[in-house]
Structures are given as structure tokens and as C-alpha cells.
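Architecture at a glance
Chain by chain, the residues:
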Amino acid sequence: MKNNLQNTTSSSDKKKIDWQIVQSVMKKNFGNDIFESWLKKIELVDVFKNYILISVSTRFIRDWITSRYLDQILQIVKEYKKEVIRIEFVIENNNNKSKKINSNDSEKNEFLKNDNISFIKDSFLQYNRIDPNKNFENFVIGPSNKLAFEASKKVSEDKAHYNPLYLYSGVGMGKTHLLNSIGLSLKEKNKVMFISAERFMYQFVKSLKSNEMVKFKEYFRNTDVLLIDDIQFMNGKEAMQEEFFHTFNALLEKNSQIIISADRPPNKLSRIQERIKSRFSGGLVVDIQNTDYDLRYKIIKSKTDELKMFYPNQVTISEEIQKFISTEVRTSVRELVGALNRIVSFSRIYNKIPTLSEVRVILKDLLSLSENKVTIDSIQTIVCKFFKISKNEMLSPRRSRYLVRPRQTAIYLAKMLTSKSLPEIGRAFSNRDHTTVIHSVKTIDKLRKEDNELNVNIDSLKNKILYSQENEI
Ligand code: ADP
Ligand code: MG
């Protein structure tokens, strides 16, 4: 058992994350105001294999940070320890520096009133954390997540209709958001336990060591709704799986609702007993698939509106950029939202509306995967079609006026939308010199400011180029 504990909670590598550096990046990314108001006092308590534990002084601050900044903080932490997949909080009361449940927190006290389980009480806030800002209302629905959404809604309206409900998808696609939403809507009337599989194991091992297994069992078997996030991380020894299996069955028997999330379907889970997997498959198994453009765009719209409410008059993200992010950032919703947050931070720090080329820089790492998608060839094709000239004409040496402008436009867009160097662009236009490329870029830049029609045409061309990439894939 000792080994198991070490595997799941190795805390010896705290020094692998230099918190001061993380803080300085937070300061830079979020701006001084936000940093000073919310983030400066965060302390790093411990570093585990897949998550870190941080402390803040109040529940309110924790909720505020969770709903607004946590995704980005996680991204920053990941830069220094890429295995970290989530952040856990402890509420550190300044007066006595002990973990404490806020006495105003009637709802949680209510829940705990009849329990005599001290260690679970102490750590209660750390894992049974339901984020009020991740609810059904702000979950944006598209074809890829509709079934998962509907099934989640169903179990929260009609408990134990599907039991267990098993949701799976790749990372950052909304599983935790849905589990959280179910927890939120059921917690008024039920005892809800929302726990990650890792923490379940941790708690299990801890109970075993302190001879508190009876309490552990009672505690879990008392819940009406058990939400277990990221079950793929459960890799416990026989004894633990045994206990899990029995808890699971006991809960099903008394019609408690069980909801499980994972990154793969039940039969693909490794290190989990066959009989447990088969139990997982016994209710409803639903997956969330990759987003399509329309869903990403809807999510961006909804998050932009949310941000506008938080920062009135400070958030202006042009339609062009919203479309650009929706087209480009397709790995996960988490990255999509992260991209938007980054642009908003940039815009707030520099007090300006970012341009498309600035956005390309801000999101460089997120775009790198798709860097090569926009080719000079596709730009030429689309620009030629738009101006109704042939590609031969565009690439010819002729300098007729009706050819020069489209050619300059294509060169300009090649500069804007690809990472090709000036000589490379020149070569793609029948070996023109790089000074010609510079001249074209400058000319179009200038004309865009003077000639509104041309400006609009270029925006529409840009969108065509970006969308044509989307459609081809
Ligand atoms: P997972 O648990 O699948 O890794 P999360 O639930 O943590 O993913 O989602 C990552 C981020 O994306 C969260 O901020 C979440 O609120 C947001 N998100 C995911 N899907 C949606 C959606 N359909 N609508 C709105 N926000 C979403
Ligand atoms: Mg998750």
C-alpha cells in the first residue's frame, strides 16, 4: 500500500515548479490589477504527479479564481510541469493557518452536520468543489456534445434514469463542465459527492492507513449522487478496486445516481477489473466528439459575451478574430477558451483592440500545429477567383493595373496569413524580388486605411482563405 500511496501522491518534486516564476508570468498575462487583486497571495502548497495544491485565504477568492483565471493558471503551470492536469485548492485561514471550513457556509455545514468524519471534513473543500460558473446554461451545445448534454440533463431531472452515466472524450471537451453542472443542479436536494478518481484513491489509502475504513465506506455510501471525474487515473490495487466495486454496487442498489467521466470508453480502461468495467457499461455510455466550426464559433461568441459582462467597455474582439480563433484553435474547447482569454488579457494590458497579426503572435504556440495549412498557392487561387483573373496572369510579369492590385493583395495576404519569409513569398510569385514583396505589403497596408471598399474586400478574402482550409479538412 505504501507504494501505491507514493505513486499517486509523490510530493517530493515541489521544487520542479518555481512559483515565483509562475507568479511573474501570471502578473504579465493577467495584468497588474488582476494580479494584485486576486493572484498575488496564492501560495503553492504541494506538487503532486498530475496536479498541484495551492492555497488561498477565502472560499470567495477560490471561486473567483476558479471561474475566471484557473484555466489560464493551469496553462502557465503546465509550461513548467506538463503532467499537471488540474489545480486543487486549500482554504488557508490567515489567523491560524489551518484548513478550515468557512462557518458562513451553511450549505456545506448542513451536509456535514451528521458526519463525524474528521479527516474528510478537513479536506472536504479540497475536492468536493462545485464551480457555480460551470452550469447547464453556459454549456454551448452542438452536434458533437448534444447527446452527452441531454443525458446529463436527464439524470439531473430524473435521477437514476441512466445508471451509471458514463461520459468520455479527449481532454478539454467539457466532461468536467457537465459533471459539475449535474452536481450543481442536484446539490440542493441531494448529498452530492464530486471527486476525481485520483482523490478517491488518495482518500482510500489515507483511510486505510489511519484505520478509518469504516468511516470512509459510510461516507461514500451515504451519497445520493456520486460524480467521479477522470476514472482512467484509477489504478488502485486489488483492495481498493474491491472497495470501489462494493461501494459502486451499494450505491446502485439504493438508487443513488453515479456519473463517471473518462478519456476513453469503459472497455479500453487499463488497470481496472473486468467486472467494474462491465458495471460501467451497464447504464448509458456517451462520448463527446471533436467540435465543428459552428460549435467553436458559438462557444467563442458566448464566452466573449460573458467576458464583456465582466469587463464592460474593455473587451472588443473583432468578428474577424472571433472567426479566426474558431477556425484555428480546434484541438479542444479548453484551448479555444484559453486562446480567447489570452487575447482579452492582451487587449486589456495594452489597452487596444488586437489586430489579426498580433493575434497570430499571441497564439503562436496554439497555431503552430496548423501553421502550414494556409498555403501561398491557396491564397493565389482564392484571390484570382475573387478578382476574376487567371493564375497565369497573376504570376506573369505584366504590370497592367487590373493585375497589379490583385497581385499585391495576394502578396499581402501571403505575408499576413503564412509564416513564409519575404524571399520565400517572392519566389512563389514568379521569382519576384523581396523588395517587391515589401512594396506590395506597404501599399496594401496604406490603401486599407484610405479605401474602405478595398479594406472590406480584404477581410472577406481573408475569411475565404481561412474557411477554405476548414472545409478541406
Ligand atoms: P474535460 O473535463 O473534458 O477535460 P472541461 O470540462 O474541463 O473538459 O472543459 C474545458 C474548458 O472548456 C472549461 O473551461 C469548460 O467550461 C469549457 N467548455 C467545454 N465545453 C464547453 C461547451 N460546450 N460550452 C461552454 N464551455 C465549454
Ligand atoms: Mg476534466
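What comes next is a walk through the structure. (Residues numbered from 1 in each chain as written. Chains lettered and ligands numbered in written order. Predicted model: local features only at pLDDT ≥ 70, side-chain atom pairs only at ≥ 80, totals over all residues. Heavy atoms only, no water.)

With that settled, consider the overall build of the protein. Check the secondary structure of the protein and you find 24 helices and eight strands. Summed over its atoms, the accessible surface of the protein is roughly 22,600 Å², and 50% of this surface lies on carbon and sulfur atoms. (Helix = DSSP H or I, 4+ residues; strand = E, 2+ residues; numbered from the N terminus. Areas by Shrake-Rupley, 256 points an atom, 1.4 Å probe, with all protein chains shown as cover.)

Going through the model one piece at a time under the given rule, you end up with 18 salt bridges. With a shortest N-O distance of 3.9 Å, Lys-81 and Glu-83 are connected by a salt bridge. Judged by relative accessible area, Glu-83 falls into the partly exposed class, the value being 38%. Between Glu-212 and Lys-215 there is a salt bridge, with its nearest N and O atoms 3.3 Å apart. For Glu-212, a relative accessible area of 14% gives the class buried. Judged by its relative accessible area of 31%, Lys-215 falls in the partly exposed class. What you see here is one network of salt bridges that share partners, running through Arg-86, Glu-88, Glu-198 and Arg-199. (Salt bridge = Lys/Arg side-chain N within 4 Å of Asp/Glu carboxyl O. Buried < 20%, exposed > 50% of the residue type's maximum accessible area, 1.4 Å probe, protein only.)

Next up on the list: the site of ligand 1. Residues in contact with ligand 1 amount to 19 residues; listed here are only the nearest, Val-140, Gly-172, Thr-176, His-177 and Arg-334. Contacts to ligand 1 include Gly-172, whose backbone N or O atom sits 2.6 Å from an oxygen atom. Contact between ligand 1 and Thr-176: an oxygen atom at 2.7 Å from a side-chain N or O atom of the residue. When ligand 1 is considered free in solution it has 560 Å² of accessible area, and contact with the protein chains removes 95% of it. Contributions of two or more residues to the shell around ligand 1 are made by helix 9 (175–186), helix 14 (293–310) and helix 16 (333–350). The element that contributes the greatest number of residues to the shell around ligand 1 is helix 9, accounting for three residues. (Near = heavy atom within 4 Å. Polar contact = N/O pair within 3.5 Å; in protein donor to acceptor, adjacent residues only side chain to side chain.)

The next thing to look at is unusual backbone geometry. Here the residue pair Asn-163 and Pro-164 is connected by a cis peptide bond, since its omega of -5 degrees sits within 30 degrees of zero. Secondary-structure assignment places Pro-164 in the loop between helix 8 (146–157) and strand 4 (165–168). In this model, Asn-255 sits at a positive phi of 60 degrees, which is unusual for a non-glycine residue. Summarising the element assignment, Asn-255 is placed in the loop between helix 12 (238–253) and strand 7 (257–262). Owing to a relative accessible area of 47%, Asn-255 belongs among the partly exposed residues under this scheme. Positive phi is not limited to glycine here, since Arg-271 has a value of about 60 degrees. As for its placement among the helices and strands, Arg-271 is situated in the loop between strand 7 and helix 13 (274–280).

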